[in-house]
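Each chain, written out:
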Amino acid sequence: MPTKLCKLLTCLGVMILLAACGGEEKPAAPATEPAPAETTDNTPRQPRPLLSDSTFSADSNPTGNPIGGGEGYDQLVEEYDYLVTNRAELLDALEQATQGQVVYLADTARVDLTGDQKIEIAGGVTLASGRGKPDTEGGLVYSKELETIPLFVAAGPGVRVTGLRLEGPDTMRRTEQMRQLSAEGRYYSIPNSRGIETFESRLEVDNCELFGWSHGAIFLRANSTDNHIHHNYFHHNQRHGLGYGVVMDQSEALIEANLFDWCRHHIAGTGRPGTSYEARYNLVLENANSHSFDMHGGRDRGDGTDIAGTVITIHHNTFLAIDVAAVVIRGVPEEYCDIYNNWFIHFVPSVAVKQTNAKGNVRHYSNQYTNDRVVKD
């Protein structure tokens, strides 16, 4: 996988140089945001400066590790408390492990967890393997059961999942099938799957490969904050109507330096108050069946509002999926959504970034498009 991925990224560089020219973006706002006369609590609101710098796209990745993790990733786990090679050992170790301990899945292990669900990882425990080490793709855990909701639960704060491959039971879009079932009012008659789920804070998922999860690879639920999802490879989480890499509900996350491909929405939020994310240094590849980054609004939820999350910041990402919008905000964020210093393969801003259902609290500025991309020797 690492060799193929390197070749893919090299080819993308050549393709980008050959891409057709597009329009030049005009700033969506002046140097500072015009301030309304008062806020909802009748206090004056100061103009909020635009945020920008001289770098653009995921190429500016300052993390010191490769986008998508894998070969070259330097935050590998070397020491552990439990070394496991099969299902029984894995389940037993996770049941015994306590805060600060590491359960390490052998780099060559392939563990079938079909039929298992809601496997708890206790607070402060790390579940690790060696994705990115020479001559290994890392340990693999998988389920073939369509109804896997979810496979793992981060049952306390401070859980880390790193260096694993997590394979779900369904990589398919099922577009026509799901449309027909939806028309019959039976959309959920085919079960769904999730990889990792939590209501707790400070979940870290890094250097993993997550694919085949029909609802979402990672689901951050109510009151889950300070999460860090970084340097992962998300792909083939793409069921029609669902299909998310990272999905949030009244939760918050920093999502950075991930490689995304073949998802319906790579990042999505229910938009309920408290749903916030910062997405930076991510590379979105070409394959998609809907827009890349998303935030639902009140009309999607039918709650009588136009609220689309609280704070959304999207910067220094690269979007190569030209057949779909890059970002769609489906309502009005409670505070703001800022989109800047990204590179879009789309030709004009109105195709790349959309706000639907209602307007307000969204700014996009200082982005680049195909013909303006900074090309480095």
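Fair warning: this is a prediction, and the values are worked out from it, not measured in the lab. The written sequence of each chain sets the order in which its residues are numbered from 1. Local features in this predicted model are restricted to residues whose pLDDT is 70 or higher, and side-chain atom pairs enter the listing and the counts only when it is 80 or higher, whereas totals over whole chains, interfaces and linings include all residues. Neither water nor hydrogens contribute to the side-chain values; these are computed over all heavy atoms in the structure.

The next point concerns the overall build of the protein. Helix numbers and strand numbers start at the N terminus; a helix is a DSSP run of H or I with at least 4 residues, a strand a run of E with at least 2. Helix and strand counts for the protein come out as five helices and 30 strands. Type-normalised accessible area, obtained with a 1.4 Å probe on protein chains alone, sets the label of each residue: buried when under 20%, exposed when over 50%, and partly exposed for intermediate values. In the protein, which comprises 377 residues, the share counted as buried stands at 54%. Methods summary: accessible areas were calculated by the Shrake-Rupley approach with a probe of 1.4 Å, and residue burial reflects only the protein chains presented. Summing over all exposed atoms, the protein offers an accessible surface of approximately 15900 Å²; the carbon and sulfur share of this is 49%.

Right, let's talk about the sheet that holds strand 29 (residues 362-365) for a bit. Reading across the sheet, the 11 strands line up as 1-2-5-8-11-14-17-20-23-26-29 and stay open at both edges, with parallel pairing between neighbours. The open sheet has two edge strands, strand 1 (82-84) and strand 29, and neither has a second partner. Neighbour-to-neighbour, the strand axes of this sheet turn through a mean angle of 10°, independent of strand direction. When strand 1 meets strand 2 (residues 102-105), the two strands line up parallel, connected through three bridges. When the sheet's bridge partners are listed, L83 is paired in strand 2 with Y104. Each of strand 1, strand 2 and strand 5 (126-128) touches helix 2 (residues 87-96); the most contacted strand, strand 1, lies at about 160° to it. Pairing between strands requires that DSSP locate at least two bridges from one strand to the other. Note on definitions: angles span 0 to 180 degrees between N-to-C directions of axes, and those axes are lines fitted to C-alpha atoms, for helices only across the stretch in contact. A contact between two residues is defined here by any heavy atoms of the two lying within 4.5 Å.

All right, on to the packing of aromatic side chains then. Side-chain rings of Phe, Tyr and Trp, where Trp is taken by its six-membered ring, are said to pair if the distance between their centres is within 6.5 Å; with planes under 30 degrees apart they count as stacked, over 60 as edge-to-face, and otherwise as tilted. Taken as a whole and judged by the stated rule, the model has eight aromatic pairs. When the ring of F293 is compared with that of F319, the centres are 5.0 Å apart and the planes differ by 75°; the resulting orientation is edge-to-face. Of this pair, F293 sits in strand 22 (residues 293-295) while F319 sits in strand 24 (residues 318-319); the two residues are 26 residues apart in sequence, bridging distant segments of the chain. Summarising the burial analysis for this pair, F293 and F319 share the class buried. Taken together, a centroid distance of 5.1 Å and an interplanar angle of 15° make the contact between F319 and F344 stacked. Taken together, the residues F319 in strand 24 and F344 in strand 27 (residues 343-344) connect sequence positions 25 residues apart. For F319, a relative accessible area of 1% corresponds to the buried category.

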